Amino acid sequence: MRLLSGSARLAGVIGWPVSHSRSPRLHGTWLNRHDIDGAYLPLPVGPADLAQLVPALAKTGFAGLNVTIPHKISVMALCDRIDPGAARIGAVNTLVFTETGIEGFNTDGYGFIANLRAHGVNPAAGPALILGAGGAARAVAAALQDEGTPVTFCNRTERNAIALAAALPPGNVLPWEYRSAALGDYALLVNTTSLGMVHHEPLDISLEAATAALAVADIVYAPLETELLKTARALGLAAVEGLGMLLHQAVPGFKAWFGVTPEVDDELYRIVSGG
Ligand SMILES: NC(=O)c1ccc[n+]([C@@H]2O[C@H](COP(=O)([O-])OP(=O)(O)OC[C@H]3O[C@@H](n4cnc5c(N)ncnc54)[C@H](OP(=O)(O)O)[C@@H]3O)[C@@H](O)[C@H]2O)c1
């Protein structure tokens, strides 16, 4: 590890709590690999301190920040400019501090699409069924629509799916109870709910109605391979895990802060997953 100079570039992740974040390990690996005079720090910032600390970090010379729960929406009010993609998603996960102010971006959708492509899955192969209607569903759906892919939302609480479809026209809505039976109509299934995550309930779905062309993506990354992905693989379907989305979404921020486009490779998966 290289020692920092007085002009080292600084970035970090703000959240509350932030101790669970894998981003310091991820960006720290890239900083080491590229022998960059810089550091990436976990920064616990509570909701009451956000409005004071973000401009203060910009003034102290930080190049930018990642933003995680619970600040992804509230931080938008502190931005001088918001990228149109982030505005459409309604959340910011990456800040870049420039001479002319604080710029807000959302890289989750980019990370999702880059991860599909890295697994050989064409995001524009056909209609997508998105399970869930929370913040991650919104980023995934907007990114798929940008690829020209029609999206359908299917969510336990149907009014949330209806609201999301209205916010991202022309989104469709499928009642939650048809999530298994309707699969034959889709080229891509994406789980954006928290179901299947460690300490959460499993996702109850059958893939029997799928055609052989269905690709199945799960953005849950703990465990690395969810039951949904195991079932998809057993049926011979393409299966895309969630950790890659997390790794790929970090690329644009690192490039903006440290000036190098980093690689997502097997070693990074091993390091970030703790394996
Ligand atoms: N791989 C990545 O880079 C990445 C990035 C972001 C998020 N994620 C993961 O994505 C997941 C969702 O994150 P989020 O920020 O979108 O969360 P969120 O805004 O809280 O949304 C949670 C979604 O899960 C659904 N849900 C929760 N419990 C359920 C249950 N028992 N049965 C059916 N549906 C249920 C909710 O449905 P209701 O509307 O009915 O409550 C909602 O649609 C998390 O596991 C998170 O770790 C991964």
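Residues numbered from 1 in each chain as written. Predicted model: local features only at pLDDT ≥ 70, side-chain atom pairs only at ≥ 80, totals over all residues. Heavy atoms only, no water.

A short note on the nonpolar core
Core analysis: the biggest nonpolar cluster contains 29 residues, and Phe112, Leu116, Ile130, Val140, Leu144, Phe153 and Leu188 have the highest contact counts within it. Elements with a contribution of two residues or more to this core: helix 4 (108-118), strand 7 (128-131), helix 5 (135-146), strand 8 (151-154), helix 6 (158-167), strand 10 (188-191) and strand 11 (215-218). No other element matches the seven residues that helix 5 contributes to this core. (Core = buried A, V, L, I, M, F, W, Y, C linked by side-chain atoms within 4.5 Å. Buried < 20%, exposed > 50% of the residue type's maximum accessible area, 1.4 Å probe, protein only. Helix = DSSP H or I, 4+ residues; strand = E, 2+ residues; numbered from the N terminus.)

Quick word on the pairing of strand 8
Residues Val151 and Phe153 of strand 8 are buried on one face, and the alternating residues Thr152 and Cys154, pointing to the opposite face, are buried as well. The sheet contact formed by strand 7 and strand 8 spans four bridges and is parallel. In the sheet register, Ile130 faces strand 8, and the bridge partner there is Phe153. Note on the crossover from strand 7 through helix 5 to strand 8: the handedness is right-handed. In this sheet, strand 9 (residues 172-173) lies alongside strand 8 in parallel orientation, the contact comprising two bridges. Within strand 9, the residue paired with Phe153 across the bridge is Val173. Once the chain exits strand 8 it traverses helix 6 before rejoining the sheet at strand 9, and the crossover so formed is right-handed. (Pairing = 2+ DSSP bridges. Right-handed = clockwise from strand over helix to strand, strands pointing away.)

A few points about the UniProt feature "domain: Shikimate dehydrogenase substrate binding N-terminal" (unreviewed entry) in the protein
UniProt tags residues 13-95 as "domain: Shikimate dehydrogenase substrate binding N-terminal" (unreviewed entry). Structurally, residues 13-95 comprises 33% helix and 22% strand, and the distance from its first C-alpha atom to its last is 10 Å. (UniProt positions renumbered as here; feature names shortened; annotations may be inferred.)

Observations concerning the site of the ligand
Lining the immediate surroundings of the ligand are 22 residues, of which Ala136, Asn155, Arg156, Thr157 and Asn160 lie closest. Here the ligand has 920 Å² of accessible area as a free molecule, and 75% of this is covered by the chains. Secondary structure elements with two or more residues in the shell around the ligand: helix 5 and helix 8 (243-249). For the shell around the ligand, the residue count by class is ten nonpolar, ten polar and two charged. (Near = heavy atom within 4 Å. Areas by Shrake-Rupley, 256 points an atom, 1.4 Å probe, with all protein chains shown as cover. Nonpolar A, V, L, I, M, F, W, Y, C, P; charged D, E, K, R; others polar.)

Details of helix 1 (residues 23-33)
Note: α-helices contain 3.6 residues per turn, so residues at a spacing of three or four share the same orientation. Those residues of helix 1 lying buried are Ser23, Leu26, His27, Thr29, Trp30 and Leu31. For helix 1, the elements touching its buried residues are strand 1 (9-15), strand 2 (38-44), strand 3 (64-67), helix 8, helix 9 (251-258) and helix 10 (266-272). Two residues or fewer after helix 1 comes Asp35, characterised by a positive phi angle close to 50°. (Contact = heavy atoms within 4.5 Å.)

Some details on the sheet that holds strand 6 (residues 101-105)
Judged by pairing direction, the sheet is mixed, and its six strands sit side by side in the order 2-1-3-5-6-4 without closing on themselves. If you trace the sheet from one side to the other, it starts and ends with strand 2 and strand 4 (81-82), each paired once. Across three bridges, the pairing between strand 3 and strand 5 (residues 94-98) is antiparallel. Opposite Asn66, over in strand 5, you have Thr94 as the bridge partner. Its contacts with the sheet put helix 1 on strand 1, strand 2 and strand 3, and the angle it makes with strand 2 is roughly 175°. Packed on one face of the sheet, helix 2 (residues 50-59) meets strand 1, strand 2, strand 3, strand 5 and strand 6 and runs near 50° to strand 5. (Axes fitted to C-alpha atoms, helices over the stretch in contact; angles between N-to-C directions.)

A few points about the packing of aromatic side chains
Under the defined criterion, the tally for this structure stands at four aromatic pairs. Judged by centre distance (5.3 Å) and plane angle (70°), the ring pair of Trp30 and Phe254 falls under edge-to-face. Of the two residues, Trp30 sits in helix 1 while Phe254 sits in helix 9, which places them 224 residues apart along the sequence. Pair check on accessibility: Trp30 and Phe254 agree, each one buried. (Phe/Tyr/Trp six-rings, centres within 6.5 Å; stacked < 30°, edge-to-face > 60°.)

Topic: the domain arrangement of the protein
Along its sequence, the protein is organised into domain 1 (9-107 + 250-272) and domain 2 (109-245). Between domain 1 and domain 2, the C-alpha centre-to-centre distance is 26 Å. Each side of the interface is counted separately: domain 1 has ten residues, and domain 2 has 16 residues. With both sides pooled, the region where domain 1 packs onto domain 2 buries about 1,000 Å², and carbon together with sulfur makes up 54% of that total. On the domain 1 side of the interface with domain 2, the three residues burying the most area are Arg88, Ile89 and Tyr269, jointly 59% of the side's total. Connecting domain 1 to domain 2 are one salt bridge. Between Asp146 and Arg88 there is a salt bridge, with the nearest N and O atoms lying 2.9 Å from each other. Put simply, the parts of the chain that give the side of domain 1 that touches domain 2 at least two residues each are helix 3 (84-89), helix 9 and helix 10. (Domains from an automatic or database assignment. Buried area = accessible area lost by both parts, 1.4 Å probe. Salt bridge = Lys/Arg side-chain N within 4 Å of Asp/Glu carboxyl O.)

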